[in-house]
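# Survey of secondary and tertiary structure
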Amino acid sequence: LLPGLSAWAASVRATRVWPAAEYTRVTFESDTALRFSQFFVKSPERLVVDIEGIELSGELTGLAAKVGLRDPYIETVRVAYNRPGVVRVVFDLRTAVLPQVFVLPPVAQYGHRLVMDIHPAEPPDLLLTLLRQYERPEAAAPTPAPSAAPAASQKGAAAPAPAQPPPVRAPASETSNDGRRFIIVAIDPGHGGEDPGAIGRAGTKEKDVTLAIARRLKQRIDAIPNMRALLIRDEDYFVPLRDRVAKARKVQADLFVSVHADAWLKPSARGSSVFALSERGATSEAARWMAKKENESDLIGGANLNVRDPVLARTLLDLSLTATINDSLKLGRAVLTELGGVNRLHKASVEQAGFAVLKSPDIPSILVETAFISNPDEEKRLGDGAYQDKMAAAIVAGIRRYLAKNPPLSNRPRVM
Ligand SMILES: [Zn+2]
């Protein structure tokens, strides 16, 4: 036994690694709050985290084996005593990073957590990444305005030259309608990473079901000319609710659809439902309860509360929010109508409550509860690829039904 370590020494009971292109998270879970300090070492880049008053357990020494060869940010992790009672964790990094190291109080199934989020120093440009995915030769080169060419060819004509007309410019609508003005749908697979969402009796995790349905949704949307889908997450990692909103706004998404499959108190509850944001109060006690549960994702998934909210709460007072919610309700009704053809409806109307993830002031946003994972029949169906596809098809049909009557404003420029 090392000096300085006594019975009070905390032990790390679990370590988890969540690698993703966006950032890699490493979590230490313990029975008591961990005290830590951190610093950087340059060339090669290393992040060093010293944790006080803990013993070097097998769980800690086993961490290195959990870091995958393909981790985008961490090359290796080394864990050892630095001095009595202080365990030093050294992350050898692949690139320059901006880490966020913070602690989370116990919540739900978790004890105290020390979280190390390793973000890249230069995050990728979301819109650029989205567009590069779809770069096509015909869309890459802008076609010249048809009227411009004849005007140029008349230049050397023998006829007396009229006063030189100004160059003919294609009207703005033409350039935006030549197939390069995409409608972007942000698809948000609920939960992820440390936040499994609801868990069915057979062990199905909501975060896996939502990602599977969202991927099918994306595939179907991308197959529609002039429509493109952005997946808010395409891996098993946690995205704070405010970041989901921010990502959709960064790509100027026209619509936002959050996909869920939650649990209900009674296993007999079943059916699909659709929710929109409410400016004040919820339309029912059930809707209020559902919003409260969904908003807990930040606590369970572990959002760093020290980071400034990119979507200013003040913008919610904007008058445009009322109009956006009206559009969200229309979108919700259209999707609900289509879902009725695939599953029974839990509620025949779109419900409203204070869902944090639906708070884009300028993007019509809905949250779709595809089915109840707490219902054994529905849990089984949710895990079935064919059923997931039916769900995705119904949601896309609903989106198209909405867009047919409510085309997005063309005055929102998007340079492609
Ligand atoms: Zn959920």
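Residues numbered from 1 in each chain as written. Predicted model: local features only at pLDDT ≥ 70, side-chain atom pairs only at ≥ 80, totals over all residues. Heavy atoms only, no water.

Looking now at the overall build of the chain. Helix and strand content of the chain: 13 helices and 14 strands. Residues counted as buried form 48% of the 416 residues belonging to the chain. Relative to all contacts within the chain whose residues are 6 or more apart in sequence, the contacts with residues 24 or more apart total 76%. (Helix = DSSP H or I, 4+ residues; strand = E, 2+ residues; numbered from the N terminus. Buried < 20%, exposed > 50% of the residue type's maximum accessible area, 1.4 Å probe, protein only. Contact = heavy atoms within 4.5 Å.)

Strand pairing in a sheet relies on backbone hydrogen bonds. The paired strands run either parallel or antiparallel. Ordered by their spatial adjacency, four strands build an open sheet running β3-β4-β6-β5, and the pairing between neighbours is antiparallel. On the outer flanks of this sheet lie β3 (35-41) and β5 (74-83), each paired with one strand and no other. Here the strands of the sheet are splayed against their neighbours by 20° on average, with no regard to which way each runs. When strand β4 (residues 46-52) meets strand β6 (residues 86-93), the two strands line up antiparallel, connected through seven bridges. Pairing of leucine 47 across the sheet is with phenylalanine 91, part of β6. (Pairing = 2+ DSSP bridges. Axes fitted to C-alpha atoms, helices over the stretch in contact; angles between N-to-C directions.)

Turning our eyes to something else, we now look at the coordination of the zinc ion. Around the zinc ion, the protein contributes the donor atoms His191 (NE2), Glu206 (OE), His260 (ND1), Asp262 (OD), Glu294 (OE) and Glu294 (OE), which lie 2.1 to 2.7 Å from the metal centre. Coordination at the zinc ion is irregular, judged from the six donor atoms that bind it and the angles of 49 to 175° they form at the metal. Going along the chain, you hit the donors of the zinc ion in the pattern H-x14-E-x53-H-x1-D-x31-E. With a gap of 88 residues between them, glutamate 206 in helix α7 (residues 206-222) and glutamate 294 in helix α9 (residues 285-295) connect regions that are remote in the sequence. For the pair glutamate 206 and glutamate 294, one class covers both residues: buried. (Donors = N, O, S within 2.8 Å, 3.2 Å for Na, K, Ca; no water. Tetrahedral: all angles 85-135°; square planar, octahedral: opposite > 155°, others 65-115°.)

Formed by 77 residues in total, the largest nonpolar core has its most connected members in Ile187, Ile221 and Ile399. The element best represented in this core is helix α13 (residues 385-405), accounting for nine residues. Val12, Ile51, Ile54 and Val89 belong to the second largest nonpolar core, which has 26 residues in total. (Core = buried A, V, L, I, M, F, W, Y, C linked by side-chain atoms within 4.5 Å.)

All told, the structure shown has four aromatic pairs when counted by the stated rule. Geometrically, the ring pair formed by phenylalanine 275 and phenylalanine 355 is tilted, given 5.2 Å between the ring centres and 55° between the ring planes. Taken together, the residues span a long stretch of sequence, with phenylalanine 275 in strand β12 (residues 273-277) and phenylalanine 355 in the loop between β13 (351-353) and β14 (365-369) at a distance of 80 residues. With a relative accessible area of 4%, phenylalanine 275 lands in the buried category. Residue phenylalanine 355 is classed as buried on the basis of its relative accessible area of 1%. Among the aromatic residues, those joined into a cluster by ring pairs are Trp264, Trp289 and Phe372. Sitting over the ring of phenylalanine 182, arginine 228 keeps its end group 4.2 Å from the ring centre. (Phe/Tyr/Trp six-rings, centres within 6.5 Å; stacked < 30°, edge-to-face > 60°. Lys NZ or Arg CZ within 6 Å of the ring centre and 35° of its normal.)

Turning next to the environment of glutamine 388. With respect to the helices, strands and loops of the structure, glutamine 388 is situated in helix α13. For the pair formed by glutamine 388 and alanine 212, sequence separation is 176 residues and the distance between their alpha carbons is 7.3 Å.

For any two helices packed against each other, the geometry comes down to the angle between their axes and how far apart the axes lie. Axis separation between α7 and α13 bottoms out at 8 Å; the angle between their running directions is 50°. Here α7 lies oblique to α13, going by the angle between them. Crossing hand, α7 versus α13: right-handed. Here Ala212, Ile213, Arg216, Leu217, Arg220 and Ile221 of α7 lie close against α13, whose contacting residues are Gly385, Gln388, Asp389, Met391, Ala392, Ala393, Ile395, Val396 and Ile399. Per-class residue counts for the contact of α7 with α13 are 10 nonpolar, two polar and three charged. (Parallel < 35°, antiparallel > 145°, perpendicular 65-115°, else oblique. Left-handed = near helix turned anticlockwise from the far one by under 90°. Nonpolar A, V, L, I, M, F, W, Y, C, P; charged D, E, K, R; others polar.)

Moving on: the sheet that holds strand β1 (residues 12-18). The strand order across the open sheet formed by four strands is β1-β2-β8-β7, and the pairing between neighbours is antiparallel. One side of each edge strand has no neighbouring strand; the edge strands of this open sheet are β1 and β7 (97-104). Neighbour to neighbour, the strand axes of the sheet diverge by 10° on average, direction disregarded. Where β7 and strand β8 (residues 112-120) come together, eight bridges link them in antiparallel fashion. Note on β8: the bridge partner recorded for valine 101 is methionine 116.

Empty space within the largest pocket amounts to approximately 1100 Å³. If you trace the largest pocket, you find 42 residues lining it, with Glu22, Pro123, Pro124, Leu126 and Lys247 closest to the centre. Among the elements of the structure, β7, β8, α3 (126-134), β10 (227-231) and α8 (241-250) are those that each provide at least two residues to the lining of the largest pocket. Counted by class, the lining of the largest pocket contains 23 nonpolar, six polar and 13 charged residues. (1 Å grid on protein atoms, 1.4 Å probe; cavity = no way out; pocket = protein on both sides within 12 Å on 5 of 7 lines; lining within 4 Å. Points joined across faces, edges and corners; volume = space filled by probe spheres on them.)

Remember that side chains alternate between the two faces of the sheet whenever the strand is regular. Buried residues dominate β8, accounting for seven of its nine residues. Where strand β2 (residues 24-30) and β8 come together, seven bridges link them in antiparallel fashion. The residue of β8 that forms the bridge with arginine 25 is aspartate 117.

The N-to-C vectors of helix α11 (residues 320-339) and α13 enclose an angle of 135°; their axes lie 7 Å apart at closest approach. The angle between α11 and α13 places the two elements in the oblique class. Taken as a pair, α11 and α13 cross one another with a handedness that is right-handed. Between α11, through Asp327, Lys330, Leu331, Ala334, Val335, Thr337, Glu338 and Leu339, and α13, the contact on the second element is made entirely by Met391, Ala394, Ile395, Ala397, Gly398, Ile399, Arg401 and Tyr402. Partitioned by chemical class, the residues of the contact of α11 with α13 number 10 nonpolar, two polar and four charged.

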